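Tertiary structure, described
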Amino acid sequence: MISCNQERLEDKIKTFSKFGDTGNGGITRFSLSLEALAARAEFCKRCEALGMKIVTDDMANIYATIPGEEDLPAIMSGSHADSVRQGGNYDGILGVLTALEAVETIITEKIPHRHPLTVVIWTNEEGARFEPAMMSSGVITGKFDKEKMLASKDTEGVTFKEALEASGYMGDALNRMSPDKYAALVELHIEQGPVLEAEGIDIGVVEGVCGMINYEFTFYGQAGHAGTTPMKYRKDALYAAVKTIQYLHEELDKLDSKLVYTTGKISAHPNIHTIIPDVVKFTLDARHQDPEVIKQVLAIIKAIPEEVEKCKVSYNEAWSRATVSFYTEFVDYVEKNAKAYGYTTKRMYSGPGHDAQFITDIIPTTMIFVPSVGGHSHCEIEYTPIENCFKGANVLLQTLLEIDKN
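Calculation rules
- Residues numbered from 1 in each chain as written.
- Predicted model: local features only at pLDDT ≥ 70, side-chain atom pairs only at ≥ 80, totals over all residues.
- Heavy atoms only, no water.
- Pairing = 2+ DSSP bridges.
- Helix = DSSP H or I, 4+ residues; strand = E, 2+ residues; numbered from the N terminus.
- Buried < 20%, exposed > 50% of the residue type's maximum accessible area, 1.4 Å probe, protein only.
- Contact = heavy atoms within 4.5 Å.
- Polar contact = N/O pair within 3.5 Å; in protein donor to acceptor, adjacent residues only side chain to side chain.
- Salt bridge = Lys/Arg side-chain N within 4 Å of Asp/Glu carboxyl O.

Digging into the pairing of strand E12 (residues 311-321)
In the case of a regular strand, side chains alternate between the two sheet surfaces. Bridge count for strand E7 (residues 211-220) against E12 is 9 bridges, and the pairing is antiparallel. What sits directly across from Ile-213, in E12, is Ser-320. Looking at chain direction, strand E11 (residues 307-308) and E12 are connected through 2 bridges and run antiparallel. Considered in E12, the bridge of Val-308 is made with Cys-311. Once E11 ends, the chain turns through 2 residues before running back antiparallel as E12, passing Glu-309 with a positive phi of about 50°.

As structure tokens, then:
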């Protein structure tokens, strides 16, 4: 079987690690920042050198395409080039670079293909500068209202619209991905978790993206002096919140072992060490691939009494998403091609969200995961050895070619 070029792929990864380099092994490359624009310029330069045609749409998504032998919709691959603050050199950008390497291999090896092949960069996947995440893929698939997205502001007060117009990459809405122009999407990504490495697996065969719910809980107590209020008279909102968190952990742990949940945000008012907290809030993020398990999580939440430790309790859903399943035929292609190379595989669902989960509503889509060392991601020590990147690129290459044949 034909393979990509490992040294060439490694050069791509090292080159792009310079754009937004923090000096500590990672990058800060916010969407449409100077660092992100430099990465985009390097991407376009490399694509042009390969003879690829480049267009952008009204959300600055970049589409770089080589023609096929027939007049057919294109097959896409790619991901995003932006990062979180002090993120790593693999999240998102590896999907772009392996796609570029796969297409470069097809060009240099003169591999025949019926469909045009497109490498895509989605704008503002992370949402680290402009909220929400997966903004531009969300707009073109009808998940988000474009005008609301254009009004999103960063911490400096710059709107997404202003950054978009200043970027030089805002193109025509007619260039958007659509089912009449594109037949498929395959997105490679690092796993962002520890499972593949811990189990010694080369390739994650991604069946879909887990459904999730995010709830915010509020506890109302009574402020009082820390030194004069006897314990039996207190309405301590923080204590009530802690008891509820403990309850949630105990009950959620009784559910399926694949359920993951996180209390990631908490606030206490007035947050002064000599005052009993009177208002405390915390969030619960829960994720699972089976909607029935999510329903069980909701039942546990709804069983929380209206009053805990003499404090009133309220909760509301901040946001949620349903489980997304990828195109079964393509999922099978990924598994078959990985095994053809002799790579070990594991079928799995993604916990994090990806642009692919929006695109799959429009065209057949799947994903490929490669291991993250220690499961580290969204941090500067995020790392995937080049050997694993290379294996992922090979599976991507063969999957694109198999989709092209069928």
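Describing the environment of Glu-402
Relative to the assigned elements, Glu-402 resides in helix H12 (residues 386-405). Residue classification places Glu-402 among the buried positions, given a relative accessible area of 9%. When residues no more than four places from it in sequence are discounted, the contact partners of Glu-402 are Tyr-333, Lys-336 and Asn-337. One polar contact links Glu-402 to Asn-337, side chain to side chain, over a distance of 3.1 Å.

A word on the pattern of salt bridges
Tallying each qualifying case throughout the model produces 24 salt bridges. Across the pair Asp-154 and Arg-129 runs a salt bridge whose closest N-O atoms are separated by 2.9 Å. On the criterion of sequence distance, the pair formed by Asp-154 in the loop between helix H5 (146-150) and helix H6 (160-167) and Arg-129 in the loop between strand E4 (117-122) and helix H4 (135-140) is long-range, its members being 25 residues apart. Classification of Asp-154 as buried rests on a relative accessible area of 10%. In this structure Arg-129 comes out as buried when scored by relative accessible area, which is 18%. Between Lys-346 and Glu-199 there is a salt bridge, with its nearest N and O atoms 3.3 Å apart. Separated by 147 residues along the polypeptide, Lys-346 in strand E14 (residues 345-350) and Glu-199 in the loop between helix H7 (195-198) and strand E6 (203-209) bring together distant segments of the chain.

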